[in-house]
Amino acid sequence: MTPLKTGEFFFVQDIALLERIHPTVQFFDYNDKLKTRMWIATYINGWQFQEPLPDTHVGSDSVRFSNDQGILSMTCYASDERPGLVLLQRKGLQGPFLRRQITDYTFPYQMHPVLVSEPKNGLLHLFWSEGDAVNPANLMYGKVSLELDHTK
Amino acid sequence: MNRNCCADRPYSVGMIPILLVMFSLCEPIRAADAGEIAGEWIANVTGHPTFLTHSYSHAAVVDNGDLYFVYMGAMPDTASFIVKYVNSIKQWTTPVLLGKGPQGDPHHYPNLVMDASGYLHVFYGCHATPLLYKRSKSPRDIKDWSPEYRISPRATYPRPFILSDGRILVFHRSNTGNPPQMSYGYVESKNGGETWSEFHELIADPDKRWIAYVGGVVLDVSNREQPVAHIAWMLSTQNLISGEINGANPMGQYTTVLFCMIR
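Just so it is clear, the structure is predicted and the values come from calculations on it, not from any experiment.

Visitor: What am I meant to see in the overall build of chain A here?
Guide: Summing up its helical and strand segments, chain A has 0 helices and 12 strands in all. From first element to last, N terminus to C terminus, chain A shows the α and β order β-β-β-β-β-β-β-β-β-β-β-β. Long-range pairs, those at least 24 residues apart, make up 36% of the contacts in chain A between residues at least 6 apart in sequence.

Visitor: Can you walk me through the nonpolar core in this structure?
Guide: Within soluble globular proteins, side chains that are nonpolar generally end up buried alongside one another. Judged by nonpolar contacts, the single largest core of 39 residues is most densely connected at V25, F27, M74 and C76 of chain A. Apart from residues no more than four positions distant in its own chain, C76 of chain A is found in contact with M38, L53, V58, S62, V63, G84, L85, V86 and L88 of chain A. Judged by nonpolar contacts, the second largest core, of 32 residues, contains F127 of chain A together with A60, F69 and Y85 of chain B.

Visitor: Help me understand the sheet that holds strand β12 (residues 137–145) of chain A, please; the structure alone is not making it clear to me.
Guide: Strand order in the open sheet formed by 4 strands is β10(A)-β11(A)-β12(A)-β2(B), with antiparallel pairing between adjacent strands. Sheet topology places β10 (114–118) of chain A together with β2 (40–47) of chain B at the edges, where each strand pairs with a single neighbour. Here the strands of the sheet are splayed against their neighbours by 25° on average, with no regard to which way each runs. As defined by bridge partners, β12 of chain A adjoins β2 of chain B across 4 bridges and the pair is classed as antiparallel.

Visitor: Would you mind showing me how to read the environment of E19 of chain A here?
Guide: Residues and elements named next belong to chain A. Along the polypeptide, E19 turns up in the loop between β2 (10–18) and β3 (22–29). Distance in space between the C-alpha atoms of E19 and L93 is 8.5 Å, their sequence separation being 74 residues. Those residues in contact with E19, other than ones at most four positions away along the chain, are N67, G70, G92 and L93.

Visitor: Is there a simple way to explain the side chain of S183 of chain B in this structure?
Guide: Residues and elements named next belong to chain B. Along the chain, the position of S183 falls in strand β13 (residues 181–189). The class of S183 is buried, set by a relative accessible area of 3%. Side chain to side chain, S183 and E201 meet in a polar contact 3.3 Å long. If sequence neighbours within four positions are ignored, S183 has contacts with H172, R173, S174, F199, E201, I203 and A204.

Visitor: How do you make sense of the pairing of β10 of chain A when you look at a structure like this?
Guide: The two faces of the sheet receive side chains in turn, since in a regular strand these alternate between them. Residue and element names in this part refer to chain A. Of all 5 residues in β10, 5 are buried; the element is thus mostly enclosed. Judged by which residues are buried, β10 turns out to be covered on both faces: V114, V116 and E118 on one side and L115 and S117 on the other are all buried. Pairing analysis gives 5 bridges linking β10 to strand β11 (residues 123–130), with the strands arranged antiparallel. Bridging across to β11, E118 finds its partner in L123. What sits between the antiparallel neighbours β10 and β11 is a turn of 4 residues, in which G122 has the positive phi angle 65°.

Visitor: I keep staring at the pairing of strand β4 (residues 37–43) of chain A and nothing clicks. Help me out?
Guide: Residue and element names in this part refer to chain A. Of all 7 residues that make up β4, 5 are buried, and the element is covered over most of its length. Inspection of the sheet shows β3 paired to β4 by 6 bridges, in the antiparallel sense. Residue D29 lies in a different strand from β4, and its bridge partner there is R37. Bridging between β4 and strand β5 (residues 47–50) involves 4 bridges; their strand directions are antiparallel.

Visitor: What should I look at first to understand the sheet that holds β2 of chain A in this one?
Guide: Sheets are built from strands paired through backbone hydrogen bonds, the pairs being either parallel or antiparallel. Residues and elements named next belong to chain A. Taken in spatial order, the 4 strands line up as β2-β3-β4-β5 in an open sheet, and their pairing is antiparallel. Looking at strand neighbours, the two that pair on one side only are β2 and β5, the edges of this open sheet. For this sheet, the mean angle separating the axes of adjacent strands, direction not counted, is 25°.

About the thresholds
- For every chain, the first residue of the written sequence is number 1, and numbering continues from 1 along that sequence.
- Chain letters and ligand numbers both follow the written order, the letters beginning at A and the numbers at 1.
- Confidence filtering applies because this is a predicted model: local features only for residues at pLDDT of at least 70, side-chain atom pairs given and counted only at 80 or more, and all residues used for totals across whole chains, interfaces and linings.
- Working from all heavy atoms in the structure, the side-chain values ignore hydrogens and water.
- Secondary structure elements are defined from DSSP: runs of H or I of at least 4 residues count as helices, runs of E of at least 2 residues count as strands, and each element is numbered from the N terminus.
- Two residues form a contact once any of their heavy atoms are found within 4.5 Å.
- Only buried residues count toward a nonpolar core, which is a set of Ala, Val, Leu, Ile, Met, Phe, Trp, Tyr and Cys residues joined through side-chain atoms within 4.5 Å.
- For every residue, the accessible area obtained with a 1.4 Å probe (protein chains only) is divided by the maximum for its type, and the residue is called buried under 20%, exposed over 50%, and partly exposed between those limits.
- In short, DSSP must find at least two bridges between two strands for them to pair.
- Axis definition: a line fitted to C-alpha atoms, limited for helices to the stretch in contact. Angles are taken between N-to-C directions and run from 0 to 180 degrees.
- Any N or O atom pair separated by 3.5 Å or less is treated as a polar contact, with the protein-specific requirement of one donor-capable and one acceptor-capable atom, and with residues adjacent in sequence counted only for side-chain atom pairs.

Below is the structure:
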């Protein structure tokens, strides 16, 4: 058992194995109630901490991980200049993420995305719900390529 | 069916605490804009407004271009359903009812795995109540299912996995004892869901004060003979008098210690 972070107002969201061997944990720091921070921590001879979305509030209820072929894929709810559900992807342990907008809603009832990879066809499938707080939500589906092009 | 057979414990818990605090020393990462994802509404699929999909759920399976998805329907009965995308005809099927949990509780979301033969296994309908289980009668067919079985007496947050040797593991929180102890562990089937082991405890609650919230479980199967479970969890305090859990709202009173267990 390897403690990652000790203290109050942390919330662990998910875990993936980056490059199939490195545990990568996604968690939130709520100590500043006005500015939630999302972190990922990868264990390589100790915990390596990174903050994928700077200057951005995020909601813990919209976060998932997936990992195939060395690609880290996660969704989160951004509340920056372009709020909504977004997908972040990157290959490897370091460097910038590619960001894709999934929804533009400012009220986060497009929650709890489910990610499933299909490496054989190079696809990442996403499911998420859209609706309001009262009425039954609709199930939404989308897919993206697992081939990441950081040059575009 | 024998639902009480005991199994060997494949996952021992090696406890070597190492406190590492390397925080805030890194630069934030900028994300490059890569456009939008076009979403389509899956016709006839609606559900609970905030738990149609669930962040803890293993809800989707992809198999040769076909997609299978389980979800929780609308209130009041919060029943579980399955729907399939048939790639050969590019269409989603009509949803099929799997079963119901106790009414009005959004914890009862379903989970889905497919074994190597194509049989579908669903786990649903629990919140400190029996973990409900069904298996498809035919491979890759969502129409007909086995009877409903109870495979763990008091479970919450199930997460199923299938290993390369065919074993099915269902990680979940157990709420047994009086007062209930919120331990975390798994049940196991070595025969395709015919019988299930007793609950194997991995994270204990020795003083009845802590409750484990598991954010995720992932299996390292690089060694087929000895797969390893990695679990990320936090501990929250439990009021010993009222039983109230401090911190049901993550913006509220969490008193947490965040761990990653590496075996």
